[in-house]
Amino acid sequence: LTRLRGRLARSQSTFGKGVLGLLGGGDLDEESWEEVEDILLSADLGSTTTTAIVERLRTGLAESSVRTAAGAREVLRTVLVDELLPGMDRSIRALPHAETPAVLLVVGVNGTGKTTTVGKLARVLVADGRRVLLGAADTFRAAAADQLQTWGERVGATTVRGKEGADPASVAFEAVASGVADGVDVVVVDTAGRLHTKTGLMDELGKVKRVVEKKATVDEVLLVLDATTGQNGLTQAKVFGDVVDITGVVLTKLDGTAKGGIVFRVQRELGVPVKLVGLGEGADDLAPFEPGAFVDALLG
Ligand code: GDP
C-alpha cells in the first residue's frame, strides 16, 4: 500500500487533498459542491461518473450523523470503492488446459505500454512457476519484437517472432503452435496496435484471434489503456471492444499522472473490469487492481 501510495501521489492530490479537503470541513454549500465537481472533472472522471459520485456523496453525508473529517473520509471511501465495482472478477485466467496452454492476447494502441505490459506480466507468471512463451505479433513497429525478446530473456520466457513485416496472425499462430508443441503453460501474444482505420484493425485483430483459436482457446483478451490519454483513450478502447471481446483492461502509466480518475470511468463506459495497473517502467511495476487498496492510496 505504501508503494501504491507513492506511485499515485499525483492523483492523491486530487482526491485526498482536493475532494477530501473540502468534505472534511463540515457541511458544504452549493459553491463548495461545485468545486468538488470541478476537481473530479479535472481528474478525468467525466460528467456521468462525476454526477453519480457527487449525488451519492451528498446522500451519504446527509445520512451520516458524523461530522468529522474521518467520518467524511469513510463516506467518500465507500462511494469511491462502490463506484469501482469491488465484486468483479479480476483474476487473470492463465491456467493451462488439458492439451493446450492458456492463451492471453494483449491488445491496444501503440505507445500505450503494450509490449512493456507483456514483459511485466510474463515476469509475474514466471515468478508464479509457469512456463511462458511470448509471441511477437506486433510486426508493424520495427523494434517491438526486439523489445519483447529482451523482456523474454530478462524474465525467463521464450520468444517466437516472425520476419519484419510478417502477417501478425501468422506470427501469433506460430507462437501458439510452438507453445502447444513445447507444452508451455501460458502463451502471451503482443499484437500490433496501429489504428489508422477501424476496418484495418478489425481485419487484423479479428484474424489474429480467429487463427489462434484454431490451435487453442483464447483465455484472455487484455486491452492496454494509457491512463494519461483520457477520453481519447476511452474512444480507442471502444473501437477495440467492437472488434474483439475484451476480458480485462490493463491501465498503464498511473504513476506520474493526476488523471487517475479515468479508472472510475473505464468499467462504467466499457463494461469490462480493470484487472491490472501499470505503475512505472520497471519490471515489477505491474500490480493487480484492487479497488479498496486503490482508493486508500488515492485518499492518502
Ligand atoms: P507499446 O507501443 O504499446 O508496446 O508501448 P511500450 O511498451 O513500448 O511502452 C511505451 C513507453 O511507455 C515506454 O517508454 C514504457 O517504458 C512506458 N511505460 C509502459 N508502461 C508504463 C507505466 O505503467 N508507467 C510509466 N511511467 N511508463 C510506462
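No experiment lies behind these values; they were computed from the predicted model shown. (Residues numbered from 1 in each chain as written. Predicted model: local features only at pLDDT ≥ 70, side-chain atom pairs only at ≥ 80, totals over all residues. Heavy atoms only, no water.)

## A word on a negative patch on the surface
Line of reasoning, step 1. Taken together, D29, E31, E34, E35, E37 and D38 make up a surface patch of like negative charges.
Line of reasoning, step 2. Within the fold, E34 resides in helix α3 (residues 30–42). (Patch = residues over 30% accessible without salt bridge, like charges linked within 9 Å, V, L, I, M, F, W, Y side chains within 5 Å. Areas by Shrake-Rupley, 256 points an atom, 1.4 Å probe, with all protein chains shown as cover. Salt bridge = Lys/Arg side-chain N within 4 Å of Asp/Glu carboxyl O. Lys, Arg positive; Asp, Glu negative; His and termini not counted. Charge placed at Lys NZ, Arg CZ, Asp CG, Glu CD. Helix = DSSP H or I, 4+ residues; strand = E, 2+ residues; numbered from the N terminus.)

## Side note on the site of the ligand
Line of reasoning, step 1. Taken together, 17 residues lie around the ligand, and G111, T115, T116, D255 and E281 are the ones closest in.
Line of reasoning, step 2. In the environment of the ligand, an oxygen atom lies 3.2 Å from a nitrogen or oxygen atom belonging to the side chain of R141.
Line of reasoning, step 3. Among the elements that make up the shell around the ligand, the one with the highest residue count is helix α6 (residues 114–127) (four residues).
Line of reasoning, step 4. Here the shell around the ligand is composed, by residue class, of two nonpolar, nine polar and six charged. (Near = heavy atom within 4 Å. Polar contact = N/O pair within 3.5 Å; in protein donor to acceptor, adjacent residues only side chain to side chain. Nonpolar A, V, L, I, M, F, W, Y, C, P; charged D, E, K, R; others polar.)

## A closer look at the pattern of salt bridges
Line of reasoning, step 1. Summed over all chains, the structure comprises 19 salt bridges.
Line of reasoning, step 2. Its salt-bridge partner being K114, residue D190 comes within 3.2 Å of it at the nearest N-O pair. Of this pair, D190 sits in strand β4 (residues 186–191) while K114 sits in helix α6, placing them 76 residues apart in sequence. The exposure classification of D190 matches that of K114, with both residues buried.
Line of reasoning, step 3. Because the salt bridges share partners, they merge into one network encompassing K114, D138, R141 and D190. (Buried < 20%, exposed > 50% of the residue type's maximum accessible area, 1.4 Å probe, protein only.)

## Focus: the sheet that holds strand β3 (residues 158–161)
Line of reasoning, step 1. In spatial order, the strands read β3-β2-β4-β1-β5-β6-β7-β8; together these eight strands make up an open sheet with mixed pairing. The strands lining the two open edges of the sheet, one partner per strand, are β3 and β8 (286–288). Across this sheet, the average inter-strand angle for adjacent strands is 25°, counted without regard to direction.
Line of reasoning, step 2. Strand direction decides the pairing type here: strand β6 (residues 248–252) and strand β7 (residues 274–278), joined by three bridges, are parallel. Paired with L251 across the bridge in β7 is V277.
Line of reasoning, step 3. Against the sheet, helix α10 (residues 230–243) engages β1 (102–107) and β5 (218–226), with an angle of about 155° to β5. (Pairing = 2+ DSSP bridges. Axes fitted to C-alpha atoms, helices over the stretch in contact; angles between N-to-C directions. Contact = heavy atoms within 4.5 Å.)

## Observations concerning the environment of G241
Line of reasoning, step 1. Mapped onto the fold, G241 is located in helix α10.
Line of reasoning, step 2. Sequence-wise, G241 and V272 are 31 residues apart; in three dimensions their C-alpha atoms are separated by 9.5 Å.

## A look at unusual backbone geometry
Line of reasoning, step 1. Residues other than glycine seldom take positive phi values, yet L85 does so here, at roughly 50°.
Line of reasoning, step 2. Within the element layout of this structure, L85 appears in the loop between α5 (69–83) and β1.

## Side note on the UniProt feature "domain: SRP54-type proteins GTP-binding" (unreviewed entry) in the protein chain
Line of reasoning, step 1. Using the residue numbers shown here, the UniProt feature "domain: SRP54-type proteins GTP-binding" (unreviewed entry) corresponds to residues 273–286.
Line of reasoning, step 2. Taken end to end, residues 273–286 is 0% helix and 43% strand, and its first and last C-alpha atoms sit 16 Å apart. (UniProt positions renumbered as here; feature names shortened; annotations may be inferred.)

## Brief notes about the confidence of the model for the protein chain
Line of reasoning, step 1. When pLDDT is averaged along the protein chain, the result is 92; 98% of the residues meet or exceed 70.
Line of reasoning, step 2. ipTM for the predicted complex: 0.99, alongside a pTM of 0.95. (pLDDT = per-residue confidence, 0-100.)

## Here we look at helix α11 (residues 262–270)
Line of reasoning, step 1. The set of residues buried in α11 consists of I262, V263, F264, R265, V266 and Q267.
Line of reasoning, step 2. In the segment just after α11, G271 is the residue with positive phi, at about 70°.

## Comments concerning the packing of helix α2 (residues 9–23) against α5
Line of reasoning, step 1. Across the interface, α2 lies against α5 with an axial gap of 9 Å and an inter-helix angle of 125°. When the interaxial angle is binned, α2 and α5 end up oblique. In the crossing of α2 with α5, the sense of the turn from one axis to the other is right-handed. Residues F15, V19, L20 and L23 of α2 pack against A72, R73, L76 and L80 of α5.
Line of reasoning, step 2. Here the contact of α2 with α5 is built from residues that sort into seven nonpolar, no polar and one charged. (Parallel < 35°, antiparallel > 145°, perpendicular 65-115°, else oblique. Left-handed = near helix turned anticlockwise from the far one by under 90°.)

## Regarding the environment of S170
Line of reasoning, step 1. Within the fold, S170 resides in helix α8 (residues 168–182).
Line of reasoning, step 2. For S170, a relative accessible area of 34% puts it in the partly exposed group.
Line of reasoning, step 3. With 42 residues separating them in the primary sequence, S170 and V212 have C-alpha atoms 8.8 Å apart.
Line of reasoning, step 4. Separated by 2.9 Å, the side chain of S170 and the backbone oxygen of D167 make a polar contact.

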